[in-house]
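Architecture and fold: a report
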Amino acid sequence: MEKRSFDWGSLILGILFIIVSLMSFRDPVGNLVAIVIVFGVLAILKGIFEIFLRNRFKDLTGYKAKMPILVGVLDILIGIFLLWNMQASILALPFVFAIWFIVDSIFGLFGLEAARKLNNGYFWFSLIVNILGVIVGFMLLFNPVSSALTLSFLVGFYFMMWGITHILLAFR
């Protein structure tokens, strides 16, 4: 019988994602600067977590995944960009998030084999979330004016899904 462990890091990250999600839904216009700051910090934390998650995947599956390192570094760079110049970040936000959604979700699709080894339910949930991430990413990329108006909702939905995913990972 496999020993189950509780992952506090996944739980905390999941809760943070859900908090950011709820902030996005509450007041999208008034909180745009706060959202940029929180997303910047969260992106850096997510990047660090992704790098450490690689070792956890290796321990659980024996698979030496390279994607979590690449995604982690990309997330850290996005976070630094968001915090570096606030006005440029607000203007670039629809494009940054579009590219982030697409890249992160595509890398998530490449990691589905490892997800299947963890749990079949997690595999299907991860597949659906990553496909939705790619679709939302392309919607944001090809319609930046509309996406700027709906960005808080779309980002809130995306972070809600990742929050749920990380909370589920904590209890595996």
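Residues numbered from 1 in each chain as written. Predicted model: local features only at pLDDT ≥ 70, side-chain atom pairs only at ≥ 80, totals over all residues. Heavy atoms only, no water.

As annotated in an unreviewed UniProt entry, the chain carries the name DUF308 domain-containing protein and is attributed to Candidatus Enterococcus myersii.

This part covers the overall build of the chain. Looking only at helices and strands, one finds seven helices and zero strands in the chain. Along the chain, helices (α) and strands (β) appear in the sequence α-α-α-α-α-α-α when read from the amino end. A globule of 172 residues ought to have a C-alpha radius of gyration of about 16 Å, and the chain, at 16 Å, matches this closely. Taken along the three principal axes of its C-alpha coordinates, the chain extends 50 × 25 × 25 Å. Per-residue burial over the chain gives 45% buried out of 172 residues. Intrachain contacts of the chain at a sequence separation of at least 6 include 79% that bridge at least 24 residues. Considering the chain, the positive charge centre built from 12 side chains and the negative charge centre built from 8 side chains are found 7 Å apart. (Helix = DSSP H or I, 4+ residues; strand = E, 2+ residues; numbered from the N terminus. Rg over C-alpha atoms; globule rule 2.2 N^0.38 Å. Buried < 20%, exposed > 50% of the residue type's maximum accessible area, 1.4 Å probe, protein only. Contact = heavy atoms within 4.5 Å. Lys, Arg positive; Asp, Glu negative; His and termini not counted. Charge placed at Lys NZ, Arg CZ, Asp CG, Glu CD.)

Glancing now at the packing of aromatic side chains. In the structure shown here, the tally under the stated rule is seven aromatic pairs. Aromatic pair Phe39 and Phe159: ring centres 4.7 Å apart, planes at 15°, arrangement stacked. Note that Phe39 is positioned in helix H2 (residues 32-61) and Phe159 in helix H7 (residues 144-170), a separation of 120 residues in sequence. Assigned by exposure class, Phe39 and Phe159 land together as buried. Judged by centre distance (5.2 Å) and plane angle (80°), the rings of Phe123 and Trp124 are edge-to-face. Note on Trp124: relative accessible area 45%, which makes it partly exposed. Among the aromatic residues, those joined into a cluster by ring pairs are Phe17, Phe39, Trp100 and Phe159. Seen from the ring of Trp162, Lys46 lies directly overhead, with NZ or CZ sitting 5.6 Å from the centre. (Phe/Tyr/Trp six-rings, centres within 6.5 Å; stacked < 30°, edge-to-face > 60°. Lys NZ or Arg CZ within 6 Å of the ring centre and 35° of its normal.)

Bringing the layout of surface pockets into the picture now. In this structure, the largest pocket spans a volume of roughly 400 Å³. Along the walls of the largest pocket sit 24 residues, with Phe57, Pro68, Phe107, Gly108 and Gly111 positioned nearest its centre. Within the residue set of the lining of the largest pocket, elements represented by two or more residues are H2, helix H3 (67-84), helix H4 (86-110), helix H5 (112-118), helix H6 (120-142) and H7. A per-element tally of the lining of the largest pocket places H4 first, with four residues. Taken together, the residues of the lining of the largest pocket break down into 15 nonpolar, five polar and four charged. (1 Å grid on protein atoms, 1.4 Å probe; cavity = no way out; pocket = protein on both sides within 12 Å on 5 of 7 lines; lining within 4 Å. Points joined across faces, edges and corners; volume = space filled by probe spheres on them. Nonpolar A, V, L, I, M, F, W, Y, C, P; charged D, E, K, R; others polar.)

With that settled, the discussion passes to the pattern of salt bridges. On inspection of all chains with the given rule, the structure shows three salt bridges. Residue Glu50 pairs with Lys46 through a salt bridge whose shortest N-O separation is 3.4 Å. Of this pair, Glu50 and Lys46 both sit in helix H2, four residues apart, roughly one helical turn. When sorted by exposure, Glu50 lands in the same class as Lys46, which is buried. (Salt bridge = Lys/Arg side-chain N within 4 Å of Asp/Glu carboxyl O.)

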